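Coordinates in review
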Amino acid sequence: MLELKNVSKSFGDNTVLDDVDLQVREGETTVILGPSGSGKSTLLRVMDLLEVPESGSLRINEDGVEFGSTLSDSRIRSIRKHSAMVFQGYNLFPNQSVLKNVSLPPVLNGKLSAAEAESRARELLGKVGLGDRLNEYPDNLSGGQQQRVAIARVLAIAPDYLLFDEPTSALDPELEAEVIKVLVDLAEEKRSLVVVTHNIQFAKKVADRVLFLDNGSIGFDGSPDEFFASSNERIRRYLTTFEVA
Ligand SMILES: Nc1ncnc2c1ncn2[C@@H]1O[C@H](COP(=O)(O)OP(=O)(O)OP(=O)(O)O)[C@@H](O)[C@H]1O
Ligand SMILES: [Mg+2]
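Residues numbered from 1 in each chain as written. Chains lettered and ligands numbered in written order. Predicted model: local features only at pLDDT ≥ 70, side-chain atom pairs only at ≥ 80, totals over all residues. Heavy atoms only, no water.

1. Re helix 3 (residues 98–108)
Here is the rule: Relative accessible area decides the class of each residue, using a 1.4 Å probe on protein chains only: under 20% of the type maximum gives buried, over 50% gives exposed, and in between gives partly exposed. Only DSSP runs of H or I covering at least 4 residues are called helices, and only runs of E covering at least 2 are called strands; the numbering of each starts at the N terminus. By definition, residues are in contact when any of their heavy atoms lie within 4.5 Å.
Val98, Leu99, Asn101, Val102, Ser103, Pro105 and Pro106 are the residues of helix 3 that are buried. Taken together, the buried residues of helix 3 touch helix 4 (114–127) and helix 5 (143–156). Just beyond helix 3, the residue with positive phi is Gly110, at close to 75 degrees.

Shown next as C-alpha cells:
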C-alpha cells in the first residue's frame, strides 16, 4: 500500500495540497481527476518525492518518510525504488535504440545483467506492440510509439507502483488509442497504477477507484460508478465541462 497522511504542500503562499490523506491499494488502478490547477500533478510528484511537502508523511510498502525535516539522498532513493513515473513528454534517450532505451535502466541501477535486461526488454517491447522497432531511434517513432517505449522502460525496472501523469495528453486521438490499449492491459493485469488524466472515457474504462481533487483537497474517494453518478454540485460541474466539450 502507498499511503499519504496529512500532506500539505505550498508554493509561496499558494497552498496546493491541503492536509491530504489517501491510500493507494495494491493491484488497483486509481484514477485522479480534477480541474486544472487542483494539484493532481503535485500529488503524483509527491508520491515519487519529486516534490517534497512541508508536512505529513508518505509510506510505501515497508518504507516511510516523515516530512518537515531534510531528507537524506539514501532515504529518497529507498522510497523511490518502489515507484516510477511516466510523464507526458517521454524523456527517452535520443542516441540510444528503442531496445537500449528499455534495457539500459535496469542494468544501470544494478537490477539485471545486460543479457537478462535485453531479453526482458524484447519481451516488454513486444507487449507494447513494438517488437518490430527494436533498432529504431526514438526520433523516428510517432508520439504514441515513443510513449509506449517509455511505458516499457518503466516496466523494465519493475516498480511496485506505476505513476502516470496525463500519459496520452500530448497525442492525437489515433495515437492516444494505442497507448490507452497498453494501459488497459496493465490495469487488467492488476498492476498497481495511479493515473492522472483528463480523458473521462479512459478513466471510466480503467478506474477501480476515483479520487477527485478539488482545490488541494480530496473531494471524492470511491468507485467510478458512484463518482460518475454523483449529485455533488462540484463534481457535476466538473463532469459537465466534458459532456459539453
Ligand atoms: N514548481 C512550482 N512552482 C510554483 N507553483 C507551482 C509549481 N508546480 C505547481 N504549482 C502550482 O500549483 C498548483 C497546482 O498545480 P498542479 O500542476 O499540481 O495542477 P494540476 O491539477 O496537475 O493541473 P493540470 O490539470 O493543469 O495539469 C497550480 O496553481 C500551479 O501553478
Ligand atoms: Mg498536471
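2. Here's the deal with the sheet that holds strand 7 (residues 161–165)
Under the convention used in this document: We call two strands paired when DSSP finds no fewer than two bridges between them. The angle between two axes is taken between their N-to-C directions and runs from 0 to 180 degrees, where each axis is a line fitted to C-alpha atoms and a helix contributes only its stretch in contact.
Spatial ordering of the open sheet is given by 6-7-8-3-9-10, a layout of six strands whose pairing is mixed. Two strands in the sheet have a free side with no partner beyond their single neighbour: strand 6 (83–86) and strand 10 (217–222). Taking the axes of each pair of neighbouring strands and ignoring which way they run, one obtains an average angle of 20 degrees across the sheet. Pairing between strand 7 and strand 8 (residues 192–196): five bridges, direction parallel. Residue Asp165 lies in a different strand from strand 8, and its bridge partner there is Val196.

3. Observations concerning the sheet that holds strand 5 (residues 63–66)
Within the open sheet, the four strands sit side by side as 2-1-4-5. Their pairing is antiparallel. Since the sheet does not close on itself, it has two edges, and those belong to strand 2 (14–24) and strand 5, each with one partner. With direction set aside, neighbouring strand axes in the sheet form an average angle of 15 degrees. Relative to strand 4 (residues 55–60), strand 1 (residues 2–11) runs antiparallel, the two sharing five bridges. Paired with Ser8 across the strands is Ser55, a residue of strand 4. Relative to strand 2, helix 1 (residues 40–47) is tilted by about 55 degrees, and along the sheet it contacts strand 1, strand 2 and strand 4.

4. So, the pairing of strand 7
So the rule is basically this: We call a crossover right-handed when, viewed with the strands running away from us, the connection from the first strand over the helix to the second turns clockwise.
Across the five residues that make up strand 7, a large majority, five, are buried. Residues Tyr161, Leu163 and Asp165 of strand 7 are buried on one face, and the alternating residues Leu162 and Phe164, pointing to the opposite face, are buried as well. For strand 6 and strand 7, the ladder comprises four bridges, and the chain directions are parallel. Pairing of Val86 across the sheet is with Phe164, part of strand 7. Following the chain from strand 7 across helix 6 (residues 173–188) to the adjacent parallel strand 8, one finds a crossover that is right-handed.

5. With respect to the domain arrangement of the chain
Just so we agree on the cut-off: Bear in mind that the domain bounds are from an automatic or database domain assignment. Two parts lose some accessible area (1.4 Å probe) when they are put together, and adding that loss for both gives the buried area. The salt bridge criterion pairs a side-chain nitrogen of Lys or Arg with a carboxyl oxygen of Asp or Glu, the two atoms within 4 Å. Nitrogen and oxygen atoms within 3.5 Å of one another constitute a polar contact, given that in protein one can donate a hydrogen and the other can accept it, and given that sequence-neighbouring residues count only through two side-chain atoms.
Once the domains are mapped, the chain shows domain 1 (2–82 + 161–244) and domain 2 (92–158). One C-alpha centre belongs to domain 1, the other to domain 2, and the line joining them spans 25 Å. The partner domain 2 presents 11 residues to the 12 residues of domain 1 that form the contact. In total, about 970 Å² of surface goes out of reach between domain 1 and domain 2, with carbon and sulfur atoms giving 69% of it. Our enumeration of links across domain 1 and domain 2 arrives at two salt bridges. Salt-bridge contacts for Lys127 lead to Glu189; the nearest nitrogen and oxygen are separated by 2.4 Å. Inspection of the domain 1/domain 2 interface yields three residue pairs in polar contact (both at pLDDT 80 or more).

6. Section: the pattern of salt bridges
Pairing of side chains with opposite charge becomes possible as their charged atoms draw close. Summed over the entire model, instances satisfying the criterion amount to 14 salt bridges. Of the charged contacts, one joins Glu28 and Arg25 as a salt bridge, the two residues approaching to 3.3 Å between their closest N and O atoms. Given a relative accessible area of 38%, Arg25 falls into the partly exposed group. Connected via shared salt-bridge partners are Asp63, Arg75 and Lys81.

7. Re the site of ligand 1
In plain terms, the rule: The criterion for a residue being near a molecule or strand is simple. One of its heavy atoms has to lie within 4 Å of it. Using the Shrake-Rupley algorithm and a 1.4 Å probe, accessible areas are obtained, with residue cover drawn only from the displayed protein chains.
The environment of ligand 1 is formed by 13 residues, the closest being Ser36, Gly37, Lys40, Ser41 and Thr42. The contact in question runs from an oxygen atom of ligand 1 to an N or O atom on the backbone of Gly39, over 3.0 Å. His198 is positioned such that a nitrogen or oxygen atom in its side chain is 2.9 Å from an oxygen atom of ligand 1. Within the complex, 59% of the 640 Å² of free accessible area of ligand 1 lies under protein. Sorting the residues of the shell around ligand 1 by element identifies strand 2 and helix 1 as the ones contributing at least two each. No other element matches helix 1, which puts three residues into the shell around ligand 1.

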